[in-house]
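Examination of the molecular architecture
Chain by chain, the residues run as shown.
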Amino acid sequence: MYKTQIIDLQEKFEMGIEKAAQLILRGEVVAFPTETVYGLGANALKPEAVSMIYAAKGRPGDNPLIVHISNRKQAFGLAHVTQEAEMLMDAFWPGPLTIVLSKRENVPYEVTAGLQTVAIRMPDHDAALALIDRCGVPIAAPSANRSGRPSPTTAQHVLEDFDRKIPLILDGGETVLGVESTVIAFDPRPVILRPGCITAEMIAEVLGEVELGPYLLSPAKASQTVQSPGVKYRHYAPKAHATVVCGEVAQIVQKTNEAYKMYEIQQKKCIILCSIQTSIFYAEKNCAIMGDRNSPTDFCQNLYKALRDADHLDVDEILIESLPTSDQGLAYMNRALRAASFETI
Ligand code: TXA
Ligand code: MG
């Protein structure tokens, strides 16, 4: 048991980084902000420290972690970096792109969950980069949520899941992007294992081609061997029951209103996660506006927060509006569908 300390980086940047680095170098686990979501970090080269991440999260042992670095040289020390990978690094690092590469011997199997590959990313965030620099070692970090819960976009979200379980949370305010990094692997051709704010369209411009992994918008069976073990687990789930409402805008509005009415008759408390454009059709209904339908990045930024807020309102049902799956819409729909355990109407 710890007394979990929160350090506000806006007030005490240097002190926060120093304290976090001391803890990480001692083999402890610390939460820190990135541009995507908060991470739960430990020394990636220390197997016992990495094991503590799995224990704290309740994470299945076959789901590997991402190794965070602050300079390109570290990537060469951890993995066999290909030319294509370097093109992606040139285009998107630092940033929300995780690259899966063949690992070198020094990367512990605790980090890769026994795989011969390692996932690496350089976050585009001052505090994350300063922390990795100060530690002088790469930092293994999954999202700082209990396994299965929505990823944290604020320090408060991290505290909800890890109060007394970790010694320190660095508070960098609300994260800018709100969904986790894009994960890309080479099979040997490039394939997106998890969509994020670096889109397939953006990657195709650099590499000329990229495939979409098979389970981005549909469930993988628990027994299936998958390239990115993370995809087979229930994910990003609020406590309430959630449903994604699909179709053209007019259909979405109609189905949402019908479902809401049905829940009311059943005396269930419901909330609609909707757009600015559609919110006007839900007069008198309980809504959370996620943003402009033409800006999927708004929806990415607000989804996890909206799911956690819904839990605080103690709703029974969450109706989540769908978006087209182009650009960042794919990342949004990937998370929304998982939050709803792929239940759609
Ligand atoms: O934005 C992010 O990526 C955040 C922040 C903290 O950096 N981190 C994050 O980590 O989302 P996590 O552990 O929640 O998700 C890591 C994903 C999982 O889907 C995992 O299966 C996949 O990356 N992954 C990690 N190593 C892999 C590998 N060697 N091969 C294939 N997939 C891998
Ligand atoms: Mg995660």
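Please refer to the structure placed before this passage.
Below, the structure is looked at part by part. Along each chain, residue indices are assigned from 1 in the same order as the chain's sequence is written. The order in which chains are written sets their letters, starting at A; the order in which ligands are written sets their numbers, starting at 1. With the structure being a predicted model, the display of local features is reserved for residues of pLDDT at least 70 and the display and counting of side-chain atom pairs for 80 or more, all residues being used for whole-chain, interface and lining totals. The side-chain quantities take in all heavy atoms of the structure and omit both hydrogens and water.

On to the site of ligand 1, then. Neighbouring ligand 1 are 27 residues; Thr36, Arg59, Asn63, His68 and Ser181 lie closest to it. Whenever a nitrogen or oxygen atom comes within 3.5 Å of another N or O atom, the pair is scored as a polar contact, on the condition that within protein one atom can donate a hydrogen and the other can accept it, and that pairs from neighbouring residues in sequence are kept only if both atoms are in side chains. Within the side chain of Arg59, a nitrogen or oxygen atom sits 2.8 Å from an oxygen atom of ligand 1. At a separation of 3.0 Å, an oxygen atom of ligand 1 approaches a polar side-chain atom of Arg121. Here ligand 1 has 680 Å² of accessible area as a free molecule, and 96% of this is covered by the chains. For each residue, the test is whether any non-hydrogen atom lies within 4 Å of the molecule or strand; if one does, the residue is near. The method behind every accessible area is Shrake-Rupley, applied with a 1.4 Å probe, and residues are considered shielded solely by the protein chains displayed.

We now examine the packing of aromatic side chains. We call Phe, Tyr and Trp rings a pair once their centres come within 6.5 Å, taking the six-membered ring for Trp, and we label the pair stacked below 30 degrees between planes, edge-to-face above 60, and tilted otherwise. Under the definition given, this model contains one aromatic pair. Summarising the aromatic geometry, the rings of Phe299 and Tyr332 are spaced 5.2 Å apart at their centres and angled 85° between planes, so their arrangement reads as edge-to-face. You can see Phe299 sitting in helix 11 (residues 296-312) and its partner Tyr332 sitting in helix 12 (residues 329-339), a full 33 residues away along the chain. Whether a charge sits over a ring comes down to the Lys NZ or Arg CZ being within 6 Å of the ring centre and within 35 degrees of the ring normal. Cation over ring: Lys103 sits above Tyr109, and NZ or CZ is 4.3 Å from the ring centre. Between the NZ or CZ atom of Lys285 and the centre of the ring of Tyr260, over which it lies, the distance is 5.6 Å. Numbering goes from the N terminus for both helices and strands, where a helix is a DSSP run of H or I of at least four residues and a strand is a run of E of at least two.

Along the polypeptide, Arg121 turns up in strand 7 (residues 117-121). Any residue under 20% of the maximum accessible area for its type is buried, any over 50% is exposed, and the rest in between are partly exposed; the area is computed with a 1.4 Å probe on protein chains only. With a relative accessible area of 2%, Arg121 lands in the buried category. Within polar-contact distance, the side chain of Arg121 engages the side chain of Glu35 at 2.9 Å. Of note is the side chain of Arg121, whose polar atom sits 3.1 Å from the backbone oxygen of Gly95.

Right, let's get into the sheet that holds strand 14 (residues 270-275). The strand order 13-16-14-15 describes an open sheet built from four strands, whose pairing is parallel. Because the sheet does not close on itself, it has two edges, and the strands there are strand 13 (241-245) and strand 15 (287-291). Direction aside, the axes of adjacent strands within the sheet are offset by 20° on average. Examined bridge by bridge, strand 13 and strand 16 (residues 317-321) share five bridges and lie parallel to one another. Residue pairing in the sheet places Val244 in a bridge with Ile320 of strand 16. Here, two residues are considered to be in contact whenever any of their heavy atoms come within 4.5 Å of each other. Only C-alpha atoms enter the line fits that serve as axes; for helices the fit covers just the stretch in contact. Angles between N-to-C directions range over 0 to 180 degrees. Where helix 11 meets the sheet, it contacts strand 14, strand 15 and strand 16, and its direction lies at approximately 155° from that of strand 15. Running at roughly 140° to strand 13, helix 12 makes contact with strand 13, strand 15 and strand 16 of the sheet. By this definition, two strands are paired if DSSP reports at least two bridges between them.

We now examine the pattern of salt bridges. Working definition: two side chains of opposite charge can pair if their charged atoms are close together. For this document, the term salt bridge refers to a Lys or Arg side-chain nitrogen within 4 Å of an Asp or Glu carboxyl oxygen. Scanning all chains against the criterion turns up 15 salt bridges. With its nearest N and O atoms 3.7 Å apart, the salt bridge here joins Arg149 to Asp161. Taken together, the residues Arg149 in the loop between strand 8 (139-140) and helix 7 (155-162) and Asp161 in helix 7 connect sequence positions twelve residues apart. Its relative accessible area of 15% is what places Arg149 among the buried residues.

Here we come to the nonpolar core. Buried Ala, Val, Leu, Ile, Met, Phe, Trp, Tyr and Cys residues that are joined via side-chain atoms within 4.5 Å together make up what is termed a nonpolar core. Counting 49 residues, the largest nonpolar core has Leu40, Trp93, Leu97, Ile99 and Ile203 as its most contacted members. At the level of secondary structure, the elements contributing two or more residues to this core comprise strand 3 (39-43), helix 2 (47-57), helix 3 (72-78), helix 4 (83-92), strand 6 (97-103), strand 7, helix 7 and helix 8 (200-207). If you tally residues by element for this core, the top one is helix 2, at five residues. Once residues within four sequence positions are removed from consideration, Leu97 is found in contact with Leu88, Phe92, Ile120, Arg121, Ser181, Thr182, Ile184, Ile198 and Ile203. Of all hydrophobic cores here, the second largest spans 28 residues; its members include Leu273, Cys300, Tyr304 and Ala339.

The next thing to look at is the environment of Pro138. As for its position among the elements, Pro138 is in the loop between helix 6 (126-135) and strand 8. Of the residues examined, Pro138 reaches a relative accessible area of 7% and is grouped as buried. Between the alpha carbons of Pro138 and Leu9 there is a distance of 21 Å; along the sequence they are 129 residues apart. Every residue in contact with Pro138, bar those within four places of it in the chain, is listed here: Ala42, Asn43, Ala44, Leu45, Val67, His68, Ile69, Gln74, Leu78 and Ile132.

This next bit is on the packing of helix 11 against helix 12. Direction vectors running N to C along helix 11 and helix 12 enclose 20°, while the axes themselves pass 8 Å from each other. By the angle between their axes, helix 11 is roughly parallel relative to helix 12. Considering how the two elements wind past one another, helix 11 and helix 12 form a crossing that is left-handed. On helix 12, the residues that touch Pro296, Phe299, Cys300, Leu303, Tyr304 and Leu307 of helix 11 are Gly329, Ala331, Tyr332, Arg335, Ala336 and Ala339. Taken together, the residues of the contact of helix 11 with helix 12 break down into ten nonpolar, one polar and one charged. When describing relative orientation, an angle under 35 degrees is termed roughly parallel and one over 145 degrees roughly antiparallel, while 65 to 115 degrees is termed roughly perpendicular and anything else oblique. In this scheme, a crossing is called left-handed if the near helix is turned counterclockwise away from the far one by less than a right angle; it is called right-handed if the turn is clockwise. Amino acids outside the nonpolar list (Ala, Val, Leu, Ile, Met, Phe, Trp, Tyr, Cys, Pro) and the charged list (Asp, Glu, Lys, Arg) are all regarded as polar, and Gly is one of them.

Let's shift gears to the packing of helix 7 against helix 11. Each pair of packed helices gets described by two things: the angle between the helix axes and the distance between those axes. Interaxial distance between helix 7 and helix 11 falls to 11 Å at its minimum, and their mutual angle equals 55°. With respect to each other, helix 7 and helix 11 are oriented oblique. Relative to helix 11, the crossing made by helix 7 is left-handed. Of helix 11, the residues touching helix 7 (which contributes His157, Glu160 and Asp161) are Lys305, Arg308 and His312. A per-class count over the contact of helix 7 with helix 11 returns no nonpolar, two polar and four charged.

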